Amino acid sequence: MDYVKIVDVYEELSGTTKGLEKTKILSEFLKKLKGNEEWIYLFRGRVFPDYDESEFGISTQLVIKSISKAGGVSKDKVISRLRSIGDLGEIAEEFIGKGKQEVLFSKKLSVKKVFENLKKLVSINGKGSVDRKLGLIIELLTSAGGKEAKYIARTLLNDLRVGVADGLLRDSVAKGFFHDGDGVKELVESAYDKVNDWAHVLKLAQNGRKALESVKIVPGRPMKVMLPVKVTELEEAFRICGKPLAVEHKYDGFRAIISKNYNGEISLFTRKLDNVTNQFPDVVEIIKKQVKGKSFIIDSEIVGYDKKTGRPKPFEAISQRIRRKYDINDLIKKLPVEVNVFDVMFYNGESVLDLKFIDRRKLLEKFINPASLKIRLSRQFISSDEKEILEFYKDALKTGEEGVMMKKLDAPYRPGRRIGYIVKMKPDAKDFDLVITGAEYGSGKRAGGLTSFYVACKDGEKEFLEVGKVSSGLKEKEEMGTSYKEIDKLLQPLIIKEKDNYVKVKPKVVVSVTYQNIQKSPRYSSGFALRFPRITHYRPERGIYDIATLKEIGKEAGLEKSWGFKKGLS
Ligand code: ATP
């Protein structure tokens, strides 16, 4: 097995855009991974499961240097090629592998060796770490053939370009181990949403359907959350959730999955699966004191509030707390938070995902001990009365909340799904969460940094389509909220292509953007353009799977899908 050429699989995968063909190629390969299930991570350009936040931490600059050293060419030559072709993978192939025999990942450079060295890279930190990383990458590249070098470089940069997203992995596992039909894909997906680890899912699939069905969520690990659909009228809410339904305030903070593992340790995760426990020692204390139970996973919204008035603060405040890694105690005093708990997924060693919502809520009421401005259960009431619900909605807005959530009483909890078990209703805010895919350097006062940003929605799992260019909304100075400088710093390591003052970046940084209206426009690849867009927040806790979809943009623009052009900057 060790001599299997993963590079051939990569090449075959990138040689087709057809989903079915890709699924066939990948499923055949996955069947051969017994004993080496972890190698499945390599298809997502990783060496760890998704719930593990470890990153290679390799900048474009370091890869440029490695290619230059391993290939015996000047750095300037690598950089000038990068400017014209924009893919360090191809450049590595060009400069490193020429004339070498293609063996990837074969005897000379086994998958095992590549995998281990990549893992080592992640663990290198502290003083002298850049040089040690450089050494390891050069070692890998010099023993690589051209194609091998291409994929190693791309993996390091988190930009594999073989067109494998979670959906394709799901289909390939389903196809490789089960007969079609019978909800197999859903089963694989639901197992993945619980464990966030493809190697784990692969092992279960090898053992058959029962194993997949019995997969458990684990306290202490992040998990995907259940998300609502948007409604504009109460009637729609009733149609989706039935009557009566539960109505709750929609709090405007950040979604936190709080968990107590079997050792009694408390951890906090965002919906992007990031571990933010260290940023919130105050919340850990509250949970220890106010929540009874040997082990649990609860779902909540953590909201910042004004110390004087007790009223909720806008998201920007809490966003600072998520990002801050130093002087945390000062910030806790300045920006206190309250935990609003609204669901439970696991309690005292047992998954409660399949309990009805109404019963999960009753369970919550038993083991959460509310404390003023520290922790409470979300304000809720059950009703089928339109008038009463609208009153509650108005009251929510009056107290400074965002709107209301309405929930189906007999629904189970389904991690990772945006299905009709929960709906949200709020005043039309005209904003979308979008990902930055490109940027431009500014001039004049803002020269030197990236100051205009191309923002994109998603279409399917992998395609990002631009909907506009936004230059306003960020702050000039850091202490006043998210600044241009901060976004620039986040984007610099993500640059994959440069041309004049334009850079193309890996889609990672998510921002909330408001706008005046949406127009149909051939200027951007989505076919739409946001008019007068403005960034309201950087969303450190949201991932690219959270952003607005093309369908949502189209719906908001009030247009049918009749645009036929795809012309973008990229
Ligand atoms: P929008 O995009 O409409 O501005 P949003 O970005 O918060 O809102 P969603 O992510 O679809 O949109 O809204 C769901 C979010 O609302 C949840 O992820 C959670 O963080 C938050 N929320 C606040 N209060 C509640 C509640 N009572 N029950 C469930 N979720 C809640």
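Predicted, not measured: the structure shown is a model, and the values here were computed from it. (Residues numbered from 1 in each chain as written. Predicted model: local features only at pLDDT ≥ 70, side-chain atom pairs only at ≥ 80, totals over all residues. Heavy atoms only, no water.)

Re the domain arrangement of the protein
Many analyses report the size of an interface as the accessible area lost when the parts associate.
Thinking step 1. The assigned domain composition of the protein is domain 1 (3–156), domain 2 (229–425) and domain 3 (431–568).
Thinking step 2. A straight line from the C-alpha centre of domain 2 to that of domain 3 covers 29 Å.
Thinking step 3. Taken together, the contacts link 13 residues of domain 2 with 14 residues of domain 3.
Thinking step 4. In total, about 1300 Å² of surface goes out of reach between domain 2 and domain 3, with carbon and sulfur atoms giving 43% of it.
Thinking step 5. On the domain 2 side of the contact with domain 3, Arg271, Lys272 and Arg323 bury the most area, a combined 45% of that side's loss.
Thinking step 6. Where domain 2 packs against domain 3, one counts 3 salt bridges.
Thinking step 7. Between Lys230 and Glu556 there is a salt bridge, with its nearest N and O atoms 3.7 Å apart.
Thinking step 8. Summed over the shared surface of domain 2 and domain 3, the result is 7 residue pairs in polar contact (both at pLDDT 80 or more). (Domains from an automatic or database assignment. Contact = heavy atoms within 4.5 Å. Buried area = accessible area lost by both parts, 1.4 Å probe. Salt bridge = Lys/Arg side-chain N within 4 Å of Asp/Glu carboxyl O. Polar contact = N/O pair within 3.5 Å; in protein donor to acceptor, adjacent residues only side chain to side chain.)

A word on empty space enclosed by the protein
Rolling a probe over the atoms, with the probe sized like a water molecule, indicates the empty space that remains.
Thinking step 1. If you walk through the whole model with that rule in mind, you get 7 cavities of 30 Å³ or more.
Thinking step 2. Of the voids in this model, the largest cavity is the one considered here, and its volume is about 80 Å³.
Thinking step 3. Thr60, Leu82, Gly86, Asp87, Leu88, Gly89, Arg154, Leu157, Asp159, Arg161, Ile495 and Ile496 together form the lining of the largest cavity.
Thinking step 4. Those elements that place two or more of their residues in the lining of the largest cavity are α5 (88–96) and β15 (495–499).
Thinking step 5. Partitioned by chemical class, the residues of the lining of the largest cavity number 5 nonpolar, 3 polar and 4 charged.
Thinking step 6. Approximately 60 Å³ is the volume attributed to the second largest cavity.
Thinking step 7. Along its surface, the second largest cavity is lined by Gly45, Arg46, Val47, Phe48, Ser54, Glu55, Phe56, Val122 and Asn158.
Thinking step 8. Of the residues assigned to the lining of the second largest cavity, the class counts are 4 nonpolar, 3 polar and 2 charged. (1 Å grid on protein atoms, 1.4 Å probe; cavity = no way out; pocket = protein on both sides within 12 Å on 5 of 7 lines; lining within 4 Å. Points joined across faces, edges and corners; volume = space filled by probe spheres on them. Helix = DSSP H or I, 4+ residues; strand = E, 2+ residues; numbered from the N terminus. Nonpolar A, V, L, I, M, F, W, Y, C, P; charged D, E, K, R; others polar.)

Topic: the confidence of the model for the protein
Note: predicted coordinates in regions of low pLDDT should not be interpreted at a detailed level.
Thinking step 1. Here the protein shows a mean pLDDT of 89. Residues at 70 or above account for 94%.
Thinking step 2. Overall, residues 101–107 carries pLDDT values under 50, and its contacts beyond four positions in sequence, including any with other chains, amount to 28 contacts.
Thinking step 3. Overall, residues 559–570 carries pLDDT values under 50, and its contacts beyond four positions in sequence, including any with other chains, amount to 25 contacts. (pLDDT = per-residue confidence, 0-100.)

Here we look at the site of the ligand
Thinking step 1. Among the 18 residues in the neighbourhood of the ligand, the closest are listed as Arg271, Glu301, Lys424, Lys426 and Arg542.
Thinking step 2. Take His249: an N or O atom from its main chain is 3.0 Å from a nitrogen atom of the ligand.
Thinking step 3. Take Arg255: an N or O atom from its side chain is 2.8 Å from an oxygen atom of the ligand.
Thinking step 4. The fraction of the free accessible surface of the ligand (620 Å²) that becomes covered by protein chains is 92%. (Near = heavy atom within 4 Å. Areas by Shrake-Rupley, 256 points an atom, 1.4 Å probe, with all protein chains shown as cover.)

What about a negative patch on the surface?
Thinking step 1. Together, Glu233, Glu235, Asp385, Glu386 and Glu388 make up a region of like negative charge exposed at the surface.
Thinking step 2. Residue position: Glu386 is located in helix α18 (residues 386–398). (Patch = residues over 30% accessible without salt bridge, like charges linked within 9 Å, V, L, I, M, F, W, Y side chains within 5 Å. Lys, Arg positive; Asp, Glu negative; His and termini not counted. Charge placed at Lys NZ, Arg CZ, Asp CG, Glu CD.)

A word on the sheet that holds strand β9 (residues 380–383)
Thinking step 1. Sheet architecture is open: 5 strands sit in the order β1-β11-β10-β2-β9, paired in mixed fashion. The open sheet has two edge strands, β1 (227–230) and β9, and neither has a second partner. When strand polarity is set aside, the average angle formed by the axes of neighbouring strands in this sheet is 40°.
Thinking step 2. Two strands pair when backbone bridges link them, and strand β2 (residues 245–250) and β9 are joined in this way by 4 bridges, in the antiparallel orientation. Within β9, the position partnered with Val247 by the bridge is Phe381.
Thinking step 3. In this fold helix α13 (residues 234–241) packs onto β1, β2, β9, β10 (403–408) and β11 (418–425), with an angle of close to 155° to the strand it touches most, β11. (Pairing = 2+ DSSP bridges. Axes fitted to C-alpha atoms, helices over the stretch in contact; angles between N-to-C directions.)

A closer look at unusual backbone geometry
Thinking step 1. The residue after Lys243, namely Pro244, is reached through a cis peptide bond having omega -10°.
Thinking step 2. Inspection of the secondary structure assignment puts Pro244 in the loop between α13 and β2.
Thinking step 3. Even without being a glycine, Asn196 presents a positive backbone phi close to 50°.
Thinking step 4. Within the secondary structure layout, Asn196 lies in the loop between α10 (184–195) and α11 (198–206).
Thinking step 5. Judged by its relative accessible area of 0%, Asn196 falls in the buried class. (Buried < 20%, exposed > 50% of the residue type's maximum accessible area, 1.4 Å probe, protein only.)

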